[in-house]
Amino acid sequence: SSCLIGNILRTASFVTIVLYGISFFRQQFSISKDLGIAIMLGAALCYTLGSLFAGRLVNKFGRKSLTVSTSFLAGVFIISFVFLPNLWLSLAVNFLATWFSGMASSTANSLSLEQVPESRGTMTSINSASISLGNALGAAVGGLVLDLFNYEVLGLTLGAMGIVAAIVFYFLTIDPCRT
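Residues numbered from 1 in each chain as written. Predicted model: local features only at pLDDT ≥ 70, side-chain atom pairs only at ≥ 80, totals over all residues. Heavy atoms only, no water.

Moving on to the overall build of the chain. Per the secondary structure count, the chain includes six helices and zero strands. Sequence-ordered secondary structure for the chain, helices as α and strands as β, is α-α-α-α-α-α. Taken over C-alpha atoms, the radius of gyration comes to 16 Å for the chain, in line with the 16 Å a tight globule of 179 residues would show. In the chain, buried positions account for 48% of the 179 residues. Surface accessibility of the chain: about 8400 Å² in total, with carbon and sulfur atoms responsible for 68%. (Helix = DSSP H or I, 4+ residues; strand = E, 2+ residues; numbered from the N terminus. Rg over C-alpha atoms; globule rule 2.2 N^0.38 Å. Buried < 20%, exposed > 50% of the residue type's maximum accessible area, 1.4 Å probe, protein only. Areas by Shrake-Rupley, 256 points an atom, 1.4 Å probe, with all protein chains shown as cover.)

A word on the packing of aromatic side chains. Enumeration according to the criterion identifies 10 aromatic pairs in this entry. Between Phe 77 and Phe 100 the ring centres are 5.8 Å apart and the planes differ by 15 degrees, which places this aromatic pair in the stacked class. Placement of Phe 77 in helix α3 (residues 63-81) and of Phe 100 in helix α4 (residues 87-115) is noted, with a sequence separation of 23 residues between them. Comparing Phe 77 with Phe 100, the two get one shared label, buried. Here the aromatic rings of Tyr 170 and Phe 171 are separated by 4.8 Å at their centres, their planes lie at 90 degrees, and the arrangement is edge-to-face. Take Tyr 170: its relative accessible area is 48%, and that puts it in the partly exposed class. Among the aromatic residues, ring-to-ring pairing joins Phe 24, Phe 25, Phe 29, Phe 81 and Tyr 151 into one connected group. (Phe/Tyr/Trp six-rings, centres within 6.5 Å; stacked < 30°, edge-to-face > 60°.)

On to unusual backbone geometry. A positive phi is found at Ser 30, a non-glycine position, where the angle reads about 55 degrees. With respect to the helices and strands, Ser 30 occurs in the loop between α1 (2-29) and α2 (33-61). A relative accessible area of 63% means that Ser 30 is categorised as exposed.

Glancing now at the nonpolar core. In terms of nonpolar packing, the biggest core is built from 40 residues, with Phe 24, Phe 25, Phe 81 and Phe 169 touching the most fellow members. Listed by contribution, the elements that provide at least two residues to this core are α1, α2, α3, α4 and α6 (151-172). The element best represented in this core is α1, accounting for 11 residues. Excluding anything up to four places from it in sequence, Phe 81 contacts Thr 16, Ile 17, Phe 24, Phe 25, Ser 90, Val 93 and Asn 94. (Core = buried A, V, L, I, M, F, W, Y, C linked by side-chain atoms within 4.5 Å. Contact = heavy atoms within 4.5 Å.)

The next subject is the packing of α1 against α6. Axis separation between α1 and α6 bottoms out at 8 Å; the angle between their running directions is 160 degrees. Considering the angle they form, α1 stands roughly antiparallel to α6. Considering only the axes of α1 and α6, their crossing is left-handed. A breakdown of the residues in the contact of α1 with α6 according to their chemical character gives 15 nonpolar, 10 polar and two charged. (Axes fitted to C-alpha atoms, helices over the stretch in contact; angles between N-to-C directions. Parallel < 35°, antiparallel > 145°, perpendicular 65-115°, else oblique. Left-handed = near helix turned anticlockwise from the far one by under 90°. Nonpolar A, V, L, I, M, F, W, Y, C, P; charged D, E, K, R; others polar.)

This part is about the environment of Ile 17. Looking at the element boundaries, Ile 17 is found in helix α1. If near-sequence neighbours (up to four positions away) are discounted, Ile 17 is found in contact with Ile 22, Ile 78, Phe 81, Asn 94, Ala 97 and Thr 98.

In a regular helix each residue adds 1.5 Å, so 29 residues correspond to 42 Å; α4 covers 41 Å between its end C-alpha atoms and thus fits that length. The backbone nitrogen of Trp 88 lies 2.9 Å from a side-chain oxygen of the residue at the head of α4, namely Asn 86. (Expected span 1.5 Å × (residues − 1). Polar contact = N/O pair within 3.5 Å; in protein donor to acceptor, adjacent residues only side chain to side chain.)

Now for the side chain of Asp 175. As for its position among the elements, Asp 175 is in the segment after α6. The charged side chain of Asp 175 is buried without a salt bridge, its nearest counter-charge being Arg 63 at 4.4 Å. At 2.9 Å, the side chain of Asp 175 and the backbone nitrogen of Arg 63 are in polar contact. Among the polar contacts listed, one links the side chain of Asp 175 to the backbone nitrogen of Lys 64, at a separation of 3.1 Å. Not counting residues up to four positions away in its chain, the partners in contact with Asp 175 are Gly 62, Arg 63, Lys 64 and Leu 111. (Lys, Arg positive; Asp, Glu negative; His and termini not counted. Salt bridge = Lys/Arg side-chain N within 4 Å of Asp/Glu carboxyl O.)

Structure below.
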C-alpha cells in the first residue's frame, strides 16, 4: 500500500530529530548535556501532545488531509531548524517539527489501517514493520549523509523524505472515511 511507503519515508524523516537532534544542538550551539536532556524531554512532550491534538482534528479535516499537511510541515520544519543560527529559534522550529511529526504519526497510522478495513490485523502488523523500516532507513541514510557532509545536508535529505511522504499520501492514498 502507498500508506506503507509514506510511513517509511515519514518515519525516516523524523529520525533526524530523534537520533541526530541533540548532537546537532551540542555541536552547533555548544549546549550542555543537561540542556540536551531537557530538549529531548521537550521534544517528547511536543510529539505526544501533537499526536493527541491530531485526534481532536481528524474528524473535522479527515485522516488524509491531516496526514498530508502534517507530514509536509514536519518535513519543512526539519529542513529549517538546521539552518537557523540562533539556538532558541532553531529549538522552537525543532519543537514544531516534533509536534507535526506526532500529529502525522497518529493520522498516518490511522489512515494506513483504513486502506484495507477488512484486514486491519494484517495492516497493523505490516504498518508496524514499515515504521521499523523507516527508522532503520532514516538512521542509515542520516548516518551516511552526516558522515559525508554536515547537518544542513542531513536536514535537507531527511526533511525532503517527509515532504515526499506527504506527496505519496496525497496522490496515492484514499480516505475511506471521507468518500
